Amino acid sequence: MSELYIRVAEDENEEPMEIPSEDDGTVLLSSVAAQFPGACGLRYRNPESQCMRGVRLVEGVLHAPENDWGNLVYVVNYPKDNKRKMEEIDAASAVKIKRGFQKTSDLIVLGLPWKTTEQDLKDYFSTFGEVIMVQVKRDVKTGNSKGFGFVRFTDYETQTKVIAQRHMIDGRWCDCKLPNSKACPDEPMRSRKIFVGRCTEDMTTDDLRQYFMQYGEVTDVFIPKPFRAFAFVTFADDQVAQALCGEDLIIKGISVHISNAEPKHNNIRQLFPNFPGGSASLAAMFDRSQYQFPSFHV
DNA sequence: GTTGAGCGTT
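Per an unreviewed UniProt entry, chain A goes by TAR DNA-binding protein 43 and derives from Acanthochromis polyacanthus.

Here it is, written out as structure tokens:
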């Protein structure tokens, strides 16, 4: 019975994840909760009655029905109020739960040899865990490496391990750190609009709409022309927008950075036609006033 | 073709 895995999913229609069982054939609730934070039990559809059945849980240990887990997909139970929170109240935490708790972020890789390629980086970092993105930053004109890059892992544990040590890559010692540009203000505006930084030119409004749909209803996508490497996406629900803020997301293999959309203030003069002095001081005042006048940013 | 602490064509 050792080295057995059971299939567990958040919902009957979601993709299952394999959770390891113990030597005696039981599964620890903590093993389930490690992948599904907040889980308090498991259920499954009884093939005969077609009814959902609970899995026996004794002191944190889940016991196989009829002493055999079989090939069924088990569904995670959450405490009742959690569930209501997820479905009705807190769209923000729903997004986070869905994506797993320990989200990884891009790591900056400092000190790369000039000759190191993205393939080299991928080969090297794959020895630590699954890699979902690598970049070597290059001079746009010459194509020469700037001597640093970025890497992103699937698992948070991998990320922790990689940050903790130095790396010998193609004959040089390199460091991996969390990049500086991670900050999201503590008191974010409750905007429904997000700023999507580091877009590439081949990302269309349709691409962005398709991608962001998974988090909630998208009401608008705006890509400035000519190309400026960023875009705005507006959601129907501000909680969805806020939940994504500060994240690095992979779109078409490219890591984009999500932050709050700054209020646009190009029409201040129209709002305050008689304000004395230059537009700069007016703009500054507008910025300080945005909490009192939330309706000004649309 | 050069360099060696840094921060990703907002």
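From this point, the discussion proceeds with the structure in view.
Asks: Explanation requested: the nonpolar core in the structure shown.
Replies: Generally speaking, soluble globular proteins have nonpolar side chains that are buried together. Ile194, Val196, Phe212, Phe235 and Leu244 are the most contacted members of the largest nonpolar core, which totals 21 residues. Only strand E14 (193–197), helix H6 (205–212), strand E15 (218–222), strand E16 (230–235), helix H7 (238–244), strand E17 (248–251) and strand E18 (254–260) provide two or more residues apiece to this core. Aside from chain neighbours lying at most four places away, what touches phenylalanine 235 is Arg192, Ile194, Phe212, Tyr215, Gly216, Glu217, Val218, Thr219, Val240, Ala241 and Leu244. Membership of the second largest hydrophobic core comes to 17 residues, among which are Ile6, Ala39, Tyr74 and Val76.

Asks: Would you take a moment to explain the protein's contact with DNA strand B for this structure?
Replies: The environment of DNA strand B is formed by 23 residues, the closest being Asp106, Leu112, Trp114, Phe195 and Arg198. Among all atoms of DNA strand B positioned within 4 Å of the protein, those belonging to sugar or phosphate total 17%. Between a base nitrogen of DNA strand B and a main-chain N or O atom of lysine 146, the distance comes to 3.0 Å. In this structure, a base nitrogen belonging to DNA strand B sits 3.0 Å away from a main-chain N or O atom of glycine 147.

Asks: Is there a simple way to explain the sheet that holds strand E4 (residues 41–45) in this structure?
Replies: Strand pairing within a sheet occurs via backbone hydrogen bonds; the two strands may be parallel or antiparallel. One open sheet accounts for five strands, arranged E2-E1-E8-E4-E5; its pairing is mixed. Looking along the sheet, the strands with just one partner apiece sit at the ends: strand E2 (17–20) and strand E5 (52–54). Each strand axis lies, on average, 45° off the axis of its neighbour in the sheet, ignoring direction. Of the pairings in the sheet, the one linking E4 to E5 comprises three bridges and is antiparallel in character. Bridging from a neighbouring strand, arginine 43 pairs with glycine 54 of E5.

Asks: What exactly am I supposed to notice about empty space enclosed by the protein here?
Replies: Left-over empty space is what a probe sized like a water molecule reveals as it rolls over the atoms. Per the stated rule, a full pass over the model turns up two cavities of 30 Å³ or more. Roughly 40 Å³ of internal volume is contained in the second largest cavity. Around the second largest cavity sit Cys199, Thr200, Met203, Leu208, Ile223, Phe227, Ala229, Phe230 and Ala231, which together line it. Here the residues of the lining of the second largest cavity sort into eight nonpolar, one polar and no charged.

Calculation criteria
Residues numbered from 1 in each chain as written. Chains lettered and ligands numbered in written order. Predicted model: local features only at pLDDT ≥ 70, side-chain atom pairs only at ≥ 80, totals over all residues. Heavy atoms only, no water. Core = buried A, V, L, I, M, F, W, Y, C linked by side-chain atoms within 4.5 Å. Buried < 20%, exposed > 50% of the residue type's maximum accessible area, 1.4 Å probe, protein only. Helix = DSSP H or I, 4+ residues; strand = E, 2+ residues; numbered from the N terminus. Contact = heavy atoms within 4.5 Å. Near = heavy atom within 4 Å. Polar contact = N/O pair within 3.5 Å; in protein donor to acceptor, adjacent residues only side chain to side chain. Pairing = 2+ DSSP bridges. Axes fitted to C-alpha atoms, helices over the stretch in contact; angles between N-to-C directions. 1 Å grid on protein atoms, 1.4 Å probe; cavity = no way out; pocket = protein on both sides within 12 Å on 5 of 7 lines; lining within 4 Å. Points joined across faces, edges and corners; volume = space filled by probe spheres on them. Nonpolar A, V, L, I, M, F, W, Y, C, P; charged D, E, K, R; others polar.

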